[in-house]
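Single-letter residue listing:
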Amino acid sequence: MRVRPSSAARLIACPGSVAAEADFPNTTSIHAATGTAAHSLLEECHNEHLIPSDFIGQNYEVDGFKVSVDENMASKVQAALDVYDDYSGRYAGLDAEIHLEVPLKFGELVGLPDEQATGTADCVIIHTDTIYVLDYKNGEGVYVDVADNAQLKTYALAAMRHFNKDQLINRVVTVVIQPGMNNVAECDYTAAELDDWGVHVLRHAVNDAHNNPWRAAGDHCKFCKAASTCPTLNQRLMDEFEALPNPTRDEDAKKLGDAMRSIPLFQAWIREVTSACNHRLNEGLPVAGYKLVEGRRGNRKWGNEREVVDHLQSLHLEPEYIYDMSLQSPARIERLLKEGVITKDEWNQIQAHITRAAAKPTIAPETDARPDISSRASANDFEAFN
């Protein structure tokens, strides 16, 4: 078996998922590839003191996907760099150690060979008796809570093992950096608290995965490769279908909340069933009642843009018929301030031209840090739930 920080929460909640996933092929997605590309951009810009917006339009090849750096990615990576600089600068000149993309092994902590328990920490800063573990999240669909975060705690345990040879560290701070959700937050632990969690929670889960691989359905199923065939999850979903709640009855409010919490599980189950069927059909294996057909063709695009420009210019076409020039975005113009091209006063004047659509009310769990606006919103205000 293999243990990675990214799957620690699922391991703890469902030890049986480890063996269940073993029969499924390793797959990736454009979302995962985009996250990998963003991490590569973040590391390159930090190490070489470069500006992310200068990479807009450039491509990264990741696991067979071509990921283009767009304004959104550049903006999020810049926000992460600012946080890195904040933490780095906070301890500059005070003998702080700063390490990026740190490969970590922690098999000894969970009773496994080191090669079966590995991960890579985005950023680790060590200052006197404190270790800071910073984790960048490129996604903006799911809010990542830093409190009691199993992935970050596992990174922190592994970082302590890697850097705390002299047993001088007694405080650990985990930091989540999720610019797409305006989420930068810390959580403090003592080294003793973290060690205790590692022994009584993480190592206990690894032991269960070996000796008592019980299963439980929950939020952790969303990214489980075995979701499509898991009997525990399937039963949970079927139970939810037995009695759909009535939105007009107050006594069904709890059922409605429970059903809302189950929506991500349905979505995960649908995604994994589709993925499993795609895999079988692409391997030439049968799926009862289904087959592969040719889908919609891709959009038209130029093969060699330079040759196209030369051809169009040979027809004596005016530039406005050949090129589509557009105004730079506010984020890109703001970069001119940081680059010293415009002054602070000039930027303040430019900001008078910026408009922004008002935020639409959206449904969120009660644990979300944003204030409740339910009493001020009407049904027509809400975003469609997909």
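Everything discussed here concerns the structure shown above.
A short tour of the structure in this document, coming up. Each chain has its residues counted from 1, following the order in which its sequence is written. Totals for whole chains, interfaces and linings use all residues, but because this is a predicted model, local features are given only for residues with pLDDT of at least 70 and pairs of side-chain atoms are given and counted only at 80 or more. With hydrogens and water set aside, each side-chain value is computed from the structure's full complement of heavy atoms.

What to know about the nonpolar core
Cut-off, in case you're wondering: Only buried Ala, Val, Leu, Ile, Met, Phe, Trp, Tyr and Cys residues count toward a nonpolar core, and they belong to the same one when joined by side-chain atoms within 4.5 Å. The classification of residues rests on relative accessible area computed with a 1.4 Å probe and restricted to protein chains. Under 20% of the type maximum is buried, over 50% is exposed, and intermediate values are partly exposed. Secondary structure counts use DSSP, requiring at least four H or I residues in a row for a helix and at least two E residues in a row for a strand, with both numbered from the N terminus. Pairs of residues are marked as contacts when any of their non-hydrogen atoms sit within 4.5 Å.
Grouped together as the largest cluster of nonpolar side chains are 37 residues, with contacts concentrated most on Leu11, Ile131 and Met160. Elements supplying a minimum of two residues to this core: helix 1 (8-13), strand 3 (97-105), strand 4 (118-127), strand 5 (130-136), helix 6 (150-163), strand 6 (171-178), strand 7 (183-190) and helix 7 (191-211). Residue contributions to this core peak at eight residues, all from helix 6. Residues contacting methionine 160, with those up to four places away along its chain left out, are Ile131, Ile169, Val172, Ala191, Leu194 and Asp195. Of all hydrophobic cores here, the second largest spans 28 residues; its members include Val67, Cys123, Tyr132 and Val173.

Digging into the packing of aromatic side chains
Heads up, the rule is: In this analysis, rings of Phe, Tyr and Trp, with Trp reduced to its six-membered ring, are considered paired at centre separations within 6.5 Å, and the interplanar angle assigns stacked below 30 degrees, edge-to-face beyond 60, and tilted for intermediate values.
Summed over the entire model, instances satisfying the criterion amount to one aromatic pair. Consider the rings of tyrosine 87 and tyrosine 132, whose centres lie 6.0 Å apart with planes at 65°: the pair is edge-to-face. Here the residue tyrosine 87 occupies a position in helix 4 (residues 71-90), and tyrosine 132 occupies one in strand 5, the gap between them amounting to 45 residues. The same class applies to tyrosine 87 as to tyrosine 132, namely buried.

Overview of a nonpolar patch on the surface
So the rule is basically this: For patch detection, residues must exceed 30% relative accessible area and be free of salt bridges, and they are connected within 9 Å for like charges or within 5 Å for nonpolar side chains (Val, Leu, Ile, Met, Phe, Trp, Tyr). For accessible areas, the Shrake-Rupley method is used with a probe of radius 1.4 Å. Any residue's cover is judged against the shown protein chains and nothing else. By salt bridge we mean one thing: a side-chain nitrogen of Lys or Arg within 4 Å of a carboxyl oxygen of Asp or Glu.
Side chains of Met238, Phe241 and Leu244 sit close together on the surface and give an oily, nonpolar patch of about 350 Å² of accessible area. Relative to the helices and strands, phenylalanine 241 is located in helix 8 (residues 231-241).

Some words on the pairing of strand 5
To be explicit about the condition: The pairing criterion for strands is at least two bridges between them, as found by DSSP.
Most of strand 5 sits out of view: seven of its seven residues are buried. Neither face of strand 5 is left uncovered, since the one carrying Thr130, Tyr132, Leu134 and Tyr136 and the one carrying Ile131, Val133 and Asp135 both have all their residues buried. Here strand 4 runs beside strand 5; their pairing, made up of five bridges, is antiparallel. Residue pairing for strand 5: isoleucine 125 is matched across the bridge by tyrosine 132. The hairpin turn running from strand 4 into strand 5, its antiparallel successor, is two residues long, and threonine 128 in that turn takes a positive phi close to 50°. Taken together, the seven bridges between strand 5 and strand 6 define a ladder with parallel strand orientation. Paired with valine 133 across the strands is threonine 174, a residue of strand 6.

Some thoughts on the pattern of salt bridges
Under the defined criterion, the tally for this structure stands at 11 salt bridges. The salt bridge involving arginine 332 is made with glutamate 339; its shortest N-O contact spans 3.6 Å. Residue class for arginine 332 comes out buried when judged on its relative accessible area of 18%. A relative accessible area of 32% means that glutamate 339 is categorised as partly exposed.

A few points about the sheet that holds strand 7
This is how the line gets drawn: In this analysis an axis means a line fitted to C-alpha atoms, helices contributing only their contacting stretch, and an angle means the value between N-to-C directions, from 0 to 180 degrees.
In spatial order, the strands read 3-4-5-6-7; together these five strands make up an open sheet with mixed pairing. Edge positions in the open sheet fall to strand 3 and strand 7, since each of these has one partner strand only. Within this sheet the neighbouring strands show an average axis-to-axis angle of 25°, counted without direction. Alignment of strand 3 against strand 4, held across eight bridges, turns out to be antiparallel. Counted as the bridge partner of proline 103 is threonine 120 from strand 4. Seen against the sheet, helix 3 (residues 30-48) touches strand 3, strand 4 and strand 5 and runs at an angle of roughly 145° to strand 3.

Brief notes about the side chain of glutamate 21
Position of glutamate 21 relative to the elements: it lies in helix 2 (residues 17-21). Excluding residues that lie within four positions of it along the chain, glutamate 21 makes contacts with Arg10, Phe223, Cys224, Lys225 and Ala226.

Brief notes about the pairing of strand 1 (residues 59-62)
Looking down a regular strand, the side chains alternate between one sheet face and the other. Because side chains alternate across strand 1, one face comprises the buried residues Tyr60 and Val62, and the other comprises Asn59 and Glu61, none of which is buried. Taken together, the four bridges between strand 1 and strand 2 (residues 65-68) define a ladder with antiparallel strand orientation. In the sheet register, tyrosine 60 faces strand 2, and the bridge partner there is valine 67. Taking the residues between adjacent antiparallel strands as the criterion, strand 1 and strand 2 are bridged by two residues, where aspartate 63 takes a positive phi near 50°.

Some words on helix 10 (residues 305-314)
Short version of the rule: The definition of a polar contact used here is a pair of N or O atoms within 3.5 Å, where within protein one atom must be able to donate a hydrogen and the other to accept one, and adjacent residues in sequence count solely through side-chain atom pairs.
Capping the start of helix 10 is the job of one residue whose side-chain oxygen sits 3.1 Å from the backbone nitrogen of arginine 306: asparagine 304. Of the residues trailing helix 10, histidine 316 is marked for its positive phi of about 60°.

Some points on the state of the cysteines
Under the convention used in this document: Pairs of cysteine sulfur atoms within 2.5 Å are what we label disulfides.
With the rule as written, the count across this model stands at zero disulfides. With no disulfide of its own, cysteine 224 lies 6.5 Å from the sulfur of cysteine 221, the closest cysteine sulfur. For cysteine 224, a relative accessible area of 7% gives the class buried. Among the cysteines around cysteine 277, which has no disulfide bond, cysteine 224 carries the closest sulfur, lying 16 Å off.

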